[in-house]
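# Tertiary structure, described
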Amino acid sequence: MINGLFILACSVSLLTGAVAVGADNLRQQTPYEKVKIFIKQIADSNPQTTKLIRVGDSDSGDTIWGLQIGNGPAHHLVVATHHGNEYGSTEVAAAFANDIAKNPIEGATVFVIPTLNIVGFNHNNRNEPASNGTSLDPNRDYPGPCTTSGPFFLKSTASLAKFIEDQNIIVAATLHTFTPAVAYPWGMDTPDTGTPYDDIFTKLAKAATVESGYEVGNSTQLIYGADGTFEDYAFWKLGIWTLLFELGDTHSPNQSQVQNMIATNVPGLRRMVTVAPESRAPNHSFSGRCSKTHFDMHKE
């Protein structure tokens, strides 16, 4: 069984009591503090394969923590919870980290960041507060050829952007809820959604959805156009093969639904990394047209 965390009444709990912390103490901790306990336990339990890493800072002063798993030359990333109310994505990321720490992927080093938007996660809020007093959608805070806001009003998104560049990430999966689907660039508001690599993106997405049966396709066409997303930024700026996972069918999964999301997506994430290209995409510029409507539902 793949163990992770499960959520009860919008608060992170621990699945089996695997972390030796009293119940009263757990109730007093924030959801993110419980995530930190869980990922530290993964690192402590698997010292030959896994170590805790500092990704960067948030505007709140919180440190964004993650795990580095394996020691292969190809570097990949799984990052969850750009949107703080999508706690199911943290569940899947934590379970994936726990799984591959015990059985690393040959030839790969995988970085897992279970929670990017810490304040939003603690308060079950989609947005993240910036130091200038505004509340922003982190997955609209990246630069891109069609962006209308940003970039990098948030320290969390700036930290992640620096991290993927420093670590030479090749394939990145961002975990969200809910559609369910696995989508790829371009995802911005454009009529010109194709890339020269749609066949490679489709291969990666189909590898990731064998168990889940999620719909696969271009992000703009499958979901809706959204400017300033991580997925488009990482591909456009660096040629990183990026996939957007929309997990499950609710933002508020119960324990059973969380377990289903874990069971159907952790094997797919492993397979995605296993079949990943060995290098970044060489031709990742955007030569299409940007829409003038900028319609964005802010629901994914």
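Below you will find a few notes about this structure. In this text, all values refer to a predicted model and were calculated from it rather than measured experimentally. The residue numbering used here restarts from 1 in each chain and proceeds along that chain's sequence as written. Where totals are concerned, whole chains, interfaces and linings use all residues; where local detail is concerned, this predicted model gives features only for residues with pLDDT of at least 70, and gives and counts side-chain atom pairs only at 80 or more. Note that water and hydrogens are dropped before the side-chain values are worked out from all heavy atoms of the structure.

### Brief notes about the environment of Asn254
Each helix corresponds to a stretch of at least 4 residues labelled H or I by DSSP, and each strand to a stretch of at least 2 residues labelled E; elements are numbered beginning at the N terminus. As for its placement among the helices and strands, Asn254 is situated in the loop between strand E12 (241-246) and helix H9 (255-274). Only protein chains enter the area calculation, which uses a 1.4 Å probe; residues under 20% of their type maximum are buried, those over 50% are exposed, and those in between are partly exposed. Asn254 gets classed as partly exposed once you look at its relative accessible area, which sits at 39%. Whenever two N or O atoms come within 3.5 Å, that pair is a polar contact, provided that in protein one can donate a hydrogen and the other can accept it, and provided that, for residues adjacent in sequence, both atoms are side-chain atoms. Here the side chain of Asn254 touches Gln257 through a polar contact of 2.8 Å, landing on its backbone nitrogen.

### A few points about the environment of Leu243
If you trace the backbone, Leu243 turns up in strand E12. Separated by 24 residues in sequence, Leu243 and Ser219 place their C-alpha atoms 9.0 Å apart. With sequence-adjacent residues up to four places away left out, Leu243 is seen in contact with Ala172, Ala173, Thr174, Val182, Ala183, Tyr184, Phe201, Leu204, Ala205 and Met272. Note on contacts: a residue pair is in contact if any heavy atoms of the two residues lie within 4.5 Å.

### Overview of the pattern of salt bridges
A pairing counts as a salt bridge when a side-chain nitrogen of Lys or Arg comes within 4 Å of a carboxyl oxygen of Asp or Glu. Going through the model one piece at a time under the given rule, you end up with nine salt bridges. Here Arg270 and Asp99 are joined by a salt bridge, their closest N and O atoms 3.5 Å apart. Linking Arg270 in helix H9 with Asp99 in helix H3 (residues 87-102), this pair joins segments that are 171 residues apart in sequence. Measuring nitrogen to oxygen at the nearest pair gives 2.6 Å for the salt bridge that ties Arg271 to Glu211. With Arg271 in helix H9 and Glu211 in the loop between helix H6 (198-208) and strand E11 (215-218), the pair connects residues that are 60 residues apart, well separated along the chain. With a relative accessible area of 26%, Arg271 lands in the partly exposed category. Exposure remark for Glu211: the relative accessible area of 33% places this residue in the partly exposed category.

### Remarks on the packing of H6 against H9
Angles here are taken between N-to-C directions and fall from 0 to 180 degrees, while the axes themselves are lines fitted to C-alpha atoms, restricted in helices to the stretch in contact. As a packed pair, H6 and H9 sit with axes 7 Å apart at the nearest point and diverge in direction by 145°. Within the contact between the two elements, H6 uses Leu204, Ala207 and Ala208 and H9 uses Gly268, Arg271 and Met272. All residues other than Ala, Val, Leu, Ile, Met, Phe, Trp, Tyr, Cys, Pro, Asp, Glu, Lys and Arg, Gly among them, are scored as polar; the first ten of these are nonpolar and the last four charged. Classifying every residue of the contact of H6 with H9 gives four nonpolar, one polar and one charged.

### Thoughts on the packing of helix H5 (residues 155-166) against helix H8 (residues 230-238)
Interhelical geometry of H5 versus H8 gives an angle of 40° and a closest axis separation of 12 Å. When the interaxial angle is binned, H5 and H8 end up oblique. Considering only the axes of H5 and H8, their crossing is right-handed. On H8, the residues touching Leu160, Ala161, Ile164 and Glu165 of H5 are Phe230, Tyr233, Ala234 and Leu238. Looking at the contact of H5 with H8 residue by residue, the classes come out as seven nonpolar, no polar and one charged. Should an angle fall under 35 degrees it is taken as roughly parallel, and over 145 as roughly antiparallel, whereas 65 to 115 is taken as roughly perpendicular and any remaining angle as oblique. In this scheme the handedness of a crossing depends on how the near helix is turned from the far one: anticlockwise by less than a right angle means left-handed, clockwise means right-handed.

### Remarks on the packing of aromatic side chains
Any pair of Phe, Tyr and Trp rings, taking the six-membered ring for Trp, is counted once the centres come within 6.5 Å. Such a pair is stacked with planes under 30 degrees apart, edge-to-face with planes over 60 apart, and tilted for the rest. Summed over the entire model, instances satisfying the criterion amount to 13 aromatic pairs. Consider the rings of Phe152 and Tyr233, whose centres lie 5.8 Å apart with planes at 90°: the pair is edge-to-face. Of the two residues, Phe152 sits in the loop between strand E8 (135-136) and H5 while Tyr233 sits in helix H8, which places them 81 residues apart along the sequence. Take Phe152: its relative accessible area is 28%, and that puts it in the partly exposed class. On the numbers, 5.2 Å between centres and 65° between planes, the contact of Trp186 with Phe235 is edge-to-face. Of the two residues, Trp186 is situated in the loop between strand E10 (181-184) and H6 and Phe235 in helix H8; the sequence distance between them amounts to 49 residues. The class of Trp186 is buried, set by a relative accessible area of 2%. For Phe235, a relative accessible area of 0% corresponds to the buried category. Put simply, the rings of Tyr184, Trp186, Tyr197, Phe201, Phe235, Trp241 and Phe286 touch in pairs and so form one group of aromatic residues.

### Here we look at the nonpolar core
Residues Leu77, Ile164, Phe245 and Met272 are the most contacted members of the largest nonpolar core, which totals 76 residues. Counting residues per element, this core draws most heavily on H3, which supplies nine residues. Beyond its immediate chain neighbours, meaning those up to four positions away, Phe245 contacts Ala173, Thr174, Leu175, His176, Ala181, Val182, Ala208, Asn265, Leu269 and Met272. Put simply, a nonpolar core is a bunch of buried Ala, Val, Leu, Ile, Met, Phe, Trp, Tyr and Cys residues held in one set by side-chain atoms that sit within 4.5 Å of each other. Ala183, Ile223, Tyr224 and Ala226 belong to the second-largest nonpolar core, a separate cluster that totals seven residues.

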